Amino acid sequence: MDPEVEALLAPMRYGIRQLKCQFMCMGFTNSSLFRALVKEQGDLVRSLKSSGAPELDVKKAVAELKTRKKALEDKELELTPAEASFDRAKMEDLLKRRFFYDQSFAIYGGVSGQYDFGPMGCAAKANILAQWRSHFVLEEQMLEVDCTMLTPEPVLKASGHVDKFADLMVKDVKNGECFRLDHLIKAHLEKVGNRSQIFNTRNTL
């Protein structure tokens, strides 16, 4: 930074510290203090530019605005809660206990791929369908069809799913999420390939 500008900013920064203390005494202990300071300085910069103030004064005000914005970003980052890990098994258990949904014929062992929706599950499903229709049918002018969700075995046999397709699945023991093994291998190989490409590029440079 220009030494002349820095010399002009020093007393202003002292004033900001005093202003922060006053704000904290008034109860502004979170990022609202920093937002107020940024807004105040932004108004000052606009005022200086519109009034044709000397270039040095504008530079001084802009530099201080950047400092206040950086302080605001740091404070917001500090106040942002750490991202909690998502436990799929717990989420599914909660939805089932509150009867958003459950496996069909659960008391008789259940049937894979078939589910019953409770009152809140029905409401959520209706809202999702309404949003889907609003976008695709009304806005995109698409035509809606409603087909069966069950596929007879002869169809799956003719398509090759019965005799040829056997997708190996793996399960994350921590959160219970399932993945296709071939997709995981492909994703890992692409990741390794990208790393190798970056490494080779660095070597050539």
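Provided above is the structure to which this section pertains.
Remember, predicted model here, so these are calculated numbers, not experimental data.

Caption draft 1: Quick peek at the overall build of the protein chain. The number of helices and strands found in the protein chain is 7 helices and 4 strands. In sequence order, the secondary structure elements of the protein chain are arranged as α-α-α-α-β-β-α-α-β-β-α. When the 205 residues of the protein chain are sorted by exposure, 14% land in the buried category. When the accessible surface of the protein chain is split by element, carbon and sulfur atoms take 60% of a total near 16,700 Å².

Caption draft 2: A look at the nonpolar core. Counting 10 residues, the largest nonpolar core consists of Leu33, Phe34, Leu37, Val38, Val45, Leu48, Val58, Ala61, Leu65 and Leu72. Elements with a contribution of two residues or more to this core: helix H2 (32-50) and helix H3 (55-79). With 6 residues, the single largest contributor to this core is H2.

Caption draft 3: The arrangement of the packing of H2 against H3 in detail. Between H2 and H3, the least distance of the axes is 9 Å, while the angle of their chain directions is 160°. Between H2 and H3, the crossing angle belongs to the class labelled roughly antiparallel. When the axes of H2 and H3 are compared, the crossing they make is left-handed. Residues Phe34, Arg35, Leu37, Val38, Glu40, Gln41, Gly42, Val45, Leu48 and Lys49 of H2 form the contact with H3, whose participating residues are Asp57, Val58, Ala61, Val62, Glu64, Leu65, Arg68, Lys69, Ala71, Leu72, Lys75 and Glu76. The class makeup of the residues in the contact of H2 with H3 is 11 nonpolar, 2 polar and 9 charged.

Caption draft 4: Representation of the pattern of salt bridges. Scanning all chains against the criterion turns up 10 salt bridges. In this structure, Glu55 and Lys59 form a salt bridge, with 3.6 Å as the shortest nitrogen-oxygen distance. Note that Glu55 and Lys59 are positioned in helix H3 at a spacing of 4 residues, about one turn of the helix. Close ionic contact of Glu92 with Arg88 constitutes a salt bridge, the shortest N to O distance being 3.0 Å. Pair noted here: Glu92 and Arg88 are both in helix H4 (residues 88-97), with a separation of 4 residues, about one helical turn. Accessibility expressed as a relative area gives 33% for Arg88, which makes it partly exposed. One connected set of salt bridges, linked through shared partners, spans Lys39, Asp43 and Arg46.

Caption draft 5: How the structure looks around the layout of surface pockets. As a volume, the largest pocket reaches approximately 290 Å³. Every residue lining the largest pocket is listed: Gly113, Gln114, Tyr115, Phe117, Lys125, Leu129, Met149 and Leu150. Its residues assigned to classes, the lining of the largest pocket comprises 5 nonpolar, 2 polar and 1 charged.

Caption draft 6: Spatial organisation of the environment of Asp102. By secondary structure assignment, the location of Asp102 is in strand E1 (residues 101-103). Spatially, the C-alpha atoms of Asp102 and Gln114 are 8.8 Å apart, while their sequence positions differ by 12 residues.

Conventions adopted
- Residues numbered from 1 in each chain as written.
- Predicted model: local features only at pLDDT ≥ 70, side-chain atom pairs only at ≥ 80, totals over all residues.
- Heavy atoms only, no water.
- Helix = DSSP H or I, 4+ residues; strand = E, 2+ residues; numbered from the N terminus.
- Buried < 20%, exposed > 50% of the residue type's maximum accessible area, 1.4 Å probe, protein only.
- Areas by Shrake-Rupley, 256 points an atom, 1.4 Å probe, with all protein chains shown as cover.
- Core = buried A, V, L, I, M, F, W, Y, C linked by side-chain atoms within 4.5 Å.
- Axes fitted to C-alpha atoms, helices over the stretch in contact; angles between N-to-C directions.
- Parallel < 35°, antiparallel > 145°, perpendicular 65-115°, else oblique.
- Left-handed = near helix turned anticlockwise from the far one by under 90°.
- Contact = heavy atoms within 4.5 Å.
- Nonpolar A, V, L, I, M, F, W, Y, C, P; charged D, E, K, R; others polar.
- Salt bridge = Lys/Arg side-chain N within 4 Å of Asp/Glu carboxyl O.
- 1 Å grid on protein atoms, 1.4 Å probe; cavity = no way out; pocket = protein on both sides within 12 Å on 5 of 7 lines; lining within 4 Å.
- Points joined across faces, edges and corners; volume = space filled by probe spheres on them.

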